[in-house]
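Per-entry structural report
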Amino acid sequence: MRLVSIRKFVAVAAVVVAIGPTVAAEAQAYRAKPKLVIELVIDQFRGDYLDRYRDDFKTANGFNLFLNKGAYFTDCYYQYANTMTAPGHSTIGTGAYTNGHGISLNEWWDFKRSTTHPVSSVEDERYDIVGDHGPTDIGASPRNELASTLGDEVVLASAGKSRLFGISLKDRAAILTSGHASKGAFWLDHASGHFVSSTYWGPKLPDWAAAFNASGRTEKAIAEAKSRPGHFYDDAGATPASVSYLLDFAEALVAGEKMGQHETTDVLTISISSTDILGHQVGPDSPRQRAMIDAIDVDLDAFFTWLDAHIDGGMSNVWVSLTGDHGIGPTIDGAAASGMPAAVFNLKKITTALDDALNEKFSPGKGVKYILQSEVPYITLDPRAFAASNVSEADAENAVADLLPATFASTAPPDPTGPVKLPTRALVRHTYTKVQMAAGDLPNTEEGKRVLQSYSPNGEWYVLFSPGMYMQGSTSGTNHYTPYSYDRHVPLAFYGSAFVPGTYHGLVEPVDIASTFASLLRVNRPSAAVGRVLVEAVKPGQ
Ligand SMILES: [Zn+2]
């Protein structure tokens, strides 16, 4: 054996001598860390879309970059219950769930900061918006993200030499995926469509970003989308025009910041929001959503082809991950049309009925407002109201948890007729209190584990509930917020020299992205990371 090996070695050595420079160059490229890591997120991008529309994808470097030349995982599921945009992006960035990064919702009540409105996951009154500035705009930062991101760790490992940026149409998606040590995060002013930032990153937009805003590119997107003036986000955001717009901004950033042209690895997070803005209106099965995904394929092809020509070493020096921040359920009509049970609930009526029942129990005849404006799946309680009635957090949350199933049932619309054939049998399947979640006192079930990973100290007092399947708070469009597979399933794929191309079956999670990249880049995992290194897709010798 030994002799054979030596003989082989001699033979290889002879070849190396014969074609020395080429082999040496390849070996060096193979060993080199990538110049650029891109974490690409598509908002409301369910795990079955890539295969459902695979025959539509005609480009070489759009989705086929991942499907044909990358490592593609078909069974990636979030393992928590609060399947929303802000927690999804934070989970991708930090490789942790809500009990690690603290982001439970897009916005929540925080009486220390405001008693008049829920604070958004990224708003920060200590800073101002940079760029187009509305009268009520306040700045933004990652102040609520309680864990480091992959990008943060790359910056730390390079003692600040690596450059980290995040972009999206949405502030939370730009900020929470990239993290704290970024040199900039950019998102849209909803009215004008210009890119803005926050003084957290500096007093003014970089010259290249200001130049992009002044270039006429926004007006081109408005014309393409036939957007109403002053409604860029709602109008253009729901069309493919906003996808090429965002990726053109990404090109301006890469060129302006010389991303991929430094001695250490740079990190860029990109989140395409357009699928979510449209998806809420039309649902997952609409031909319009299919057209959006097909357009993203074409736009990604153009972007990666551009990158290939503008990064040192081209795409062989770039690693990319692709995933979604959450999936989506069918519309009520769509579920019913397939013969599936579905139901509508009215959160406003539920809040009133809960307040009535709580007054009867704790403060007869007083008309106290115990329930705050809530974002499902969390029902938020007002601690001040309960304190006035001498009710503890545990007692208050237990009372709401006990009342919730009957309240949903009593406020449900009558058994639907017309296109909706069957009511969902149980409108509320399980309830979990914040006190219970904080103590980890949860059932030893898959759902119990997911609820544990949805715990955050933020959000005042609350009760989290799991609803019946395909339940929506509105008769039109659709939503995502449940602990069920359709909201938790997203694609996961990697492209780059470190990965073995192929299709991989078996359960993986979005938290695995940060852990896998951290391992390959030889940096610390993010501070609260819980993911697994996806060794089955890593090339030997990495
Ligand atoms: Zn959404």
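Report on the accompanying structure. All values reported here derive from a predicted model rather than from experimental measurement. (Residues numbered from 1 in each chain as written. Predicted model: local features only at pLDDT ≥ 70, side-chain atom pairs only at ≥ 80, totals over all residues. Heavy atoms only, no water.)

Overview of unusual backbone geometry
Cis geometry marks the peptide bond from V376 to P377, where omega comes out at 10 degrees. Position of P377 among the secondary structure elements: in the loop between α16 (347–362) and β12 (378–381). Look at Q44: it is not a glycine, yet its phi comes out positive at around 55 degrees. Tracing the backbone through its elements, the reader meets Q44 in the loop between β1 (36–42) and α3 (49–52). With a phi angle near 55 degrees, E460 is a residue other than glycine that sits in the positive phi range. Its location among the elements puts E460 in the loop between α20 (446–452) and β14 (461–467). (Helix = DSSP H or I, 4+ residues; strand = E, 2+ residues; numbered from the N terminus.)

A few points about the coordination of the zinc ion
Donor atoms from the polypeptide that coordinate the zinc ion comprise D276 (OD), D276 (OD), H280 (NE2) and H480 (NE2), at 2.0 to 2.5 Å from the metal. Donor residues for the zinc ion, ordered by position in the chain, follow D-x3-H-x199-H. With D276 and H280 both in helix α13 (residues 274–282), this residue pair falls 4 residues apart, about one helical turn. Using a relative accessible area of 24% as the deciding quantity, one classes H280 as partly exposed. (Donors = N, O, S within 2.8 Å, 3.2 Å for Na, K, Ca; no water. Buried < 20%, exposed > 50% of the residue type's maximum accessible area, 1.4 Å probe, protein only.)

Remarks on the packing of aromatic side chains
What the rule picks out here adds up to 38 aromatic pairs. With a centroid separation of 6.1 Å and 35 degrees between ring planes, the pair formed by F386 and W461 is classed as tilted. On the criterion of sequence distance, the pair formed by F386 in helix α17 (residues 383–388) and W461 in strand β14 is long-range, its members being 75 residues apart. For the residue pair F386 and W461, the accessibility class agrees, reading buried in each case. Here the aromatic residues F165, F186, F195, W208, F212, F232, Y245 and F249 are joined through ring pairs into a cluster of three or more. We note R384 situated over the ring of F111; from NZ or CZ to the ring centre the distance is 4.1 Å. (Phe/Tyr/Trp six-rings, centres within 6.5 Å; stacked < 30°, edge-to-face > 60°. Lys NZ or Arg CZ within 6 Å of the ring centre and 35° of its normal.)

As for the sheet that holds β12
Read across the open sheet, the 3 strands follow the order β12-β14-β13; overall the sheet is antiparallel. Either end of the sheet is taken by a strand with one partner, and the two such strands are β12 and β13 (428–433). Strand after strand, the sheet turns through a mean of 25 degrees between neighbouring axes, direction not considered. Where β13 meets β14, 5 bridges bridge the pair, whose relative direction is antiparallel. From the neighbouring strand, T431 faces β14, where its bridge partner is F465. Running at roughly 30 degrees to β14, helix α18 (residues 393–411) makes contact with β12, β13 and β14 of the sheet. (Pairing = 2+ DSSP bridges. Axes fitted to C-alpha atoms, helices over the stretch in contact; angles between N-to-C directions. Contact = heavy atoms within 4.5 Å.)

Description of the sheet that holds β1
Spatially, β5-β8-β7-β6-β9-β1-β10-β16-β2-β17 is the arrangement adopted by the 10 strands of the open sheet, whose pairing is mixed. Edge positions in the sheet fall to β5 (129–130) and β17 (502–504), since each has one partner strand and no second. In this sheet, β17 lies alongside strand β2 (residues 71–77) in parallel orientation, the contact comprising 3 bridges. Within the sheet, the bridge partner assigned to Y72 lies in β17 and is T503. Contacting β1, β6 (164–168) and β9 (266–272), helix α7 (residues 150–157) runs over the sheet at an angle of about 160 degrees to β6. Lying over the sheet, helix α8 (residues 171–178) contacts β1, β6, β7 (184–188) and β9, oriented at roughly 155 degrees with respect to β6.

Observations regarding the pairing of strand β3 (residues 107–110)
Taken together, the 3 bridges between β3 and strand β4 (residues 114–120) define a ladder with antiparallel strand orientation. Paired with W108 across the two strands is V119, which belongs to β4. Between β3 and β4, which pair antiparallel in sequence order, lie 3 residues.

Purely geometric numbers; function is a separate question.
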